[in-house]
Amino acid sequence: MGVEAYATNERATGRTWTVRLDPVGRGRADVRVSCSRPACAAQVLPSAAVGRTAAVEHLKAHLRAGPAPRPSAYCACRAEECHTHIRPAGPRERPAPWRCGGAVVLAVVTDREGRWWRVMECCSRCAAAHPTAKIAATAPAPDRAAPAGAFRAAAASVPMVPAVGPHFSHTAAGASGAAAPHEVPAPRSERPPRPPRPTRQRARRGRIAQRFVPHELRPVALRDELTELGELFRAYQQRAEPDLAMLAELHARKAKAFRAWAEVTADTGLRLDAERAEQAAATARLQHLHRSGQAPEGDGPAVTRLLTASAQWNHARAVLTHVADHSPLPGPEARLLVVMLTLRTAQSGVGNLVGQDLKGLPLPDPEHLVGRLVECGWLDIAGTVDELIASRPENPTRIGVPSLTPDESDPGPFTFGRKMRPKLSGWAQRVVGEKKLRKAKTAADARLLALALATGVSLDGQLGPEGEGLPLEALASWCAVTPDELLELVDRLTAADWLTEVAVTDTVLTGRLTERVLPLSCPLT
């Protein structure tokens with residue numbers, strides 16, 4: 001729903017826009033300068049000092065080229081219900097909101113670290129309440145002086161009142177000037193009852209996605225839509241049973257409304273919220289199709305997957321990518337062991353392990369591999385390697401991976417929470433210990449290939465995005481084998497009823513997973 005759908009002739013809200021300086025990525029020196037105005041494209045600069053200079057020059061260019069503040073504009077701070085202007089209450093005082101007043105100004109507000117600069121068209125009182133605000137321009141005061149002729153005309157139209165005695169509007173004109181008798185008002189009991197005074201209803205204050213909807217937001221239809229959506233989301237949270245179709249519709253309406261809100265206010269944060277709402281709507285629709293037994297296209301049976309959401313599939317791929325980039329030891333056996341231990345400790349850097357967890361993996365010498373991981377410093381265990389191999393479920397061994405342990409400066413490589421970790425670990429164990437792979441006594445390299453193929457398929461099981469296939473070089477690198485050895489692994493998975501319709505070229509492996517193992521797949525979406 002665009003801004004054109006909301007027609008209004010009410011008072012214009014003050015303009016506001018923001019210029020930001022953000023890091024491009026962790027451990028990198030370059031920065032990104034972005035402006036919330038729609039026509040401004042972001043640019044990447046080599047250092048924070050260069051980026052700060054460019055951001056200030058960009059802001060000055062806007063101030064020089066932009067229009068002056070409008071005397072009749074509604075204060076932007078008040079429109080956003082800015083809490084900066086609420087005086088803190090004492091022990092016996094109630095908090096008092098800031099009162100707008102003074103001329104309309106263009107104020108530049110920045111944070112003390114120099115990471116963002118915000119321009120607001122607001123009143124001079126609100127600008128003074130910001131400790132870092134600087135006035136860039138002031139609107140001319142409206143001419144309130146009326147011409148003298150208007151005062152004379154007004155004075156001539158006022159009737160003269162006699163200096164002596166009261167003057168009543170019903171007095172009869174006569175030569176004597178005596179007051180005519182007038183009627184005595186009727187008793188109060190005989191008067192008709194007065195109509196009741198209309199009660200003033202307080203404006204409804206909307207709230208959606210931790211944001212307050214300003215009552216001054218225009219168009220009014222947009223404000224009412226946001227307010228209603230906030231109430232519908234809160235009502236949905238009180239439902240006893242989820243309705244994913246309804247949730248998808250709510251997210252779609254939220255995306256459309258937030259996009260219109262962003263066009264009105266030129267707020268980049270609202271535009272990003274609209275994109276996230278669109279993604280949430282697509283995810284909710286896909287989950288609804290899976291749970292209702294439909295295919296994504298609407299025809300054919302759906303696949304009941306062990307991991308049901310696209311966020312879980314992306315987390316599984318993130319773990320495999322991290323292990324490929326940070327594996328401490330060479331060889332497929334070490335790579336497979338590092339995958340399983342990473343999933344055991346991914347969220348907090350620590351976890352529990354028993355001997356059966358290691359004995360169930362296709363490792364010819366698990367004691368030797370665990371010892372090498374401890375020696376290189378990648379793994380910490382409570383006790384000795386022999387005690388770990390002998391431990392049982394009633395007395396597990398505590399293990400830790402220092403590189404995965406979060407601290408104040410580094411939250412760790414993964415973003416999923418405590419409940420997601422056991423789901424991912426259980427999924428990997430199901431893939432690695434799949435029945436036919438176990439019966440065929442496939443080695444660690446073949447099971448690594450099974451993990452890679454499970455996370456590299458389309459929704460219908462074809463290898464690669466939209467069935468384009470997977471690169472042989474990338475698969476061989478992940479399995480820690482040569483490209484020639486990879487072809488033998490493909491034959492093993494085909495014999496184990498994992499792959500079908502296989503075709504191998506010099507660079508790409510195409511085919512599809514069999515229906516039997518589709519529930520273990522994590523599609524590329």
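Report follows, based on the coordinates. (Residues numbered from 1 in each chain as written. Predicted model: local features only at pLDDT ≥ 70, side-chain atom pairs only at ≥ 80, totals over all residues. Heavy atoms only, no water.)

Let's talk about the nonpolar core
Counting residues in hydrophobic clusters, the biggest one holds 74 residues, and the most contacted among them are Leu337, Leu379, Trp427, Leu449, Leu453 and Trp498. By residue number, the principal contributor to this core is helix H15 (residues 444-454), which donates nine residues. When neighbours within four sequence positions are excluded, leucine 453 is seen to be in contact with Leu463, Leu470, Leu475, Leu493, Leu499, Leu509 and Leu513. (Core = buried A, V, L, I, M, F, W, Y, C linked by side-chain atoms within 4.5 Å. Buried < 20%, exposed > 50% of the residue type's maximum accessible area, 1.4 Å probe, protein only. Helix = DSSP H or I, 4+ residues; strand = E, 2+ residues; numbered from the N terminus. Contact = heavy atoms within 4.5 Å.)

Here we look at helix H1 (residues 48-65)
The end-to-end C-alpha distance of H1 is 26 Å, a good match for the 26 Å that 18 residues give at a rise of 1.5 Å each. Residues Gly51, Ala55, Leu59 and His62 constitute the buried set of H1. For H1, the arc enclosing every buried residue in end-on projection is 70°, short of the 170-degree limit, so these residues lie on one face. In H1, the exposed residues that point more than 90 degrees away from the buried face are Arg64 and Ala65. Looking at the buried side of H1, the elements it contacts are strand E1 (16-23), strand E2 (31-35), strand E3 (43-45), strand E4 (104-110) and strand E5 (116-123). (Expected span 1.5 Å × (residues − 1). Arc of directions from axis to C-beta.)

Quick notes on unusual backbone geometry
Following arginine 218, the chain continues to proline 219 via a peptide bond in cis, the omega torsion being 5°. Among the secondary structure elements, proline 219 is positioned in the loop between strand E8 (211-213) and helix H5 (220-237). Of note, the phi angle at glutamine 210 is positive, near 60°, even though the residue is not glycine. Unlike most non-glycine residues, alanine 480 shows phi in positive territory, near 60°. With respect to the element layout, alanine 480 can be found in the loop between helix H16 (472-479) and helix H17 (483-495). Judged by relative accessible area, alanine 480 falls into the partly exposed class, the value being 29%.

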